[in-house]
Protein chains: 2
Amino acid sequence: MAAGVDVETIRYYEKAGLLPSPARRANGYRDYGGKHLERLAFIRHCRALDLPLAKISRLLELLSQPAAACDDVDRLVESQLERVRIRIRSLRALEKQLSALRSRCAGPQTAAACGILHELVTAAHRESVAHAGEDRAAAAPVTRGGRRKVQA
Amino acid sequence: MAAGVDVETIRYYEKAGLLPSPARRANGYRDYGGKHLERLAFIRHCRALDLPLAKISRLLELLSQPAAACDDVDRLVESQLERVRIRIRSLRALEKQLSALRSRCAGPQTAAACGILHELVTAAHRESVAHAGEDRAAAAPVTRGGRRKVQA
DNA sequence: GTTGACATTGAAGCGGCTACAGGGTTCCAA
DNA sequence: TTGGAACCCTGTAGCCGCTTCAATGTCAAC
Ligand SMILES: [Zn+2]
Ligand SMILES: [Zn+2]
Ligand SMILES: [Zn+2]
Ligand SMILES: [Zn+2]
């Protein structure tokens, strides 16, 4: 029975402590049992939900502690959902920008005449001016904290 | 004038060949000129569009070759747009799954009784059975190609 | 007996930063 | 004057979740 998962990925999980080391055959080959495959399937399903391995690890832990409270599980799903929603919003904004950008050049042109390149350059320029303004505004009240930026 | 960009990031771009090494002052400090800052702003704007550095590199190259054709630029934006749309679709599917999942557990429970954990386990199980089926079906026609999977 | 497809290990690479260690410099206030 | 905060430098390692590679071992088929 094939698990449908790349071998290297499985060994990565093993190293990462998500899967217990399986028994070995006489020749040293790994011998996966039903338990391993169930656990692996669980991990892959959670990964398909884009949960990071650390959180999956926590879920596995709770699976083996039936009496524990499930608050962590619920919060984890909730926060993942929130993450996904935020990501969708930002990707939608991106989509808008990109499709506007695309419409700036119709067909074959030289780089010099390409509306896309042009727009990228001028938008970047606008932003850099805006940033400089922000920084001037922020400079007076706050002298400490924040990461270092570059000087020119 | 601050560029609004983390210093380490800038030096990373320098190492990666996206920004030319700036002139140095007597004390060895980097001295950024207007050209550098424009270029940096361009890079940051493109990164905000989630373009990978390699593609940005290509755009910068074309910026310095005004007579070149802009096909690459147009294709690049198009393919990025496509990428973003695909990502949005898959994230929306994810959102659905996660919000269905969330509704499986209302309030404080033990891990054993948590509908979320339950659903994760059974969904994973269903899928692993399905995968096994796929693999059985695929085993006959194709013997070569494909990456190795795990045996149990 | 030789080929070829499997398995094993450990290490390195991907992208795009981010964080640190271990120094030097600059500036301002007490 | 001195001391400390806040910047700069170089170089290296870490993050995530794999993926790829190199070198070697094992097994079945022809
Ligand atoms: Zn799944
Ligand atoms: Zn164009
Ligand atoms: Zn921008
Ligand atoms: Zn619950």
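These figures come from a predicted structure and were not determined experimentally.

Conventions we followed
- Residues numbered from 1 in each chain as written.
- Chains lettered and ligands numbered in written order.
- Predicted model: local features only at pLDDT ≥ 70, side-chain atom pairs only at ≥ 80, totals over all residues.
- Heavy atoms only, no water.
- Donors = N, O, S within 2.8 Å, 3.2 Å for Na, K, Ca; no water.
- Tetrahedral: all angles 85-135°; square planar, octahedral: opposite > 155°, others 65-115°.
- Helix = DSSP H or I, 4+ residues; strand = E, 2+ residues; numbered from the N terminus.
- Buried < 20%, exposed > 50% of the residue type's maximum accessible area, 1.4 Å probe, protein only.
- Near = heavy atom within 4 Å.
- Polar contact = N/O pair within 3.5 Å; in protein donor to acceptor, adjacent residues only side chain to side chain.
- Least-squares fit on C-alpha atoms with pLDDT ≥ 70 in both.
- Contact = heavy atoms within 4.5 Å.
- Arc of directions from axis to C-beta.

**With respect to the coordination of the zinc ion (ligand 4)**
The protein atoms donating to the zinc ion (ligand 4) are Cys70(A) (SG), Asp74(A) (OD), Cys105(B) (SG) and Cys114(B) (SG), with metal-donor distances spanning 2.2 to 2.5 Å. One can describe the donor arrangement at the zinc ion (ligand 4) as tetrahedral, given that its 4 donor atoms subtend angles of 96 to 117° at the metal. Taken together, the residues span two chains, with Cys70(A) in the loop between α3 (53-63) and α4 (71-102) and Cys105(B) in the loop between α4 (71-102) and α5 (115-139). Accessibility expressed as a relative area gives 0% for Cys70(A), which makes it buried. Classification of Cys105(B) by relative accessible area gives buried; the value is 10%.

**Thoughts on the protein's contact with DNA strand C**
As a structural note, the neighbourhood of DNA strand C is formed by 20 residues, with Arg11(A), Arg30(A), Tyr12(B), Asn27(B) and Arg47(B) the closest of them. Considering DNA strand C, the proportion of its atoms within 4 Å of the protein that are sugar or phosphate atoms stands at 73%. Arg11(A) has a polar side-chain atom sitting 2.9 Å from a phosphate oxygen of DNA strand C. The separation between a phosphate oxygen of DNA strand C and a polar side-chain atom of Asn27(B) is 2.8 Å. Looking at the surface near DNA strand C, the elements with two or more residues in it are α1 (7-15) of chain A together with α1 (7-15) and α2 (34-48) of chain B. Tallying contributions element by element places α1(B) first for the surface near DNA strand C, with 4 residues.

**Some remarks on the relation of the copies chain B and chain A**
Note on the identical chains: chain B maps onto chain A by a rotation of 180° and an axial translation of 0.0 Å, with an RMSD of 0.1 Å. The symmetry that links the two subunits is that of a two-fold axis. Closest approach to the rotation axis within chain B is made by the C-alpha atom of Ile88(B), at a distance of 3.0 Å. In this assembly the copies share their binding face: 100% of the residues contributing to the interface of chain B also contribute to that of chain A.

**Structural notes on α1(B)**
Residue pairs spaced three or four apart in an α-helix point in one direction, given the helix's 3.6 residues per turn. Residue and element names in this part refer to chain B. If you check which residues of α1 are buried, you get Val-7, Ile-10, Tyr-13 and Glu-14. For α1, the arc enclosing every buried residue in end-on projection is 120°, short of the 170-degree limit, so these residues lie on one face. Between the side-chain oxygen of the N-cap and the backbone nitrogen of Glu-8 there are 2.8 Å, and the N-cap of α1 in question is Asp-6. Backbone geometry just downstream of α1 places Gly-17 in the positive-phi region, at approximately 85°.

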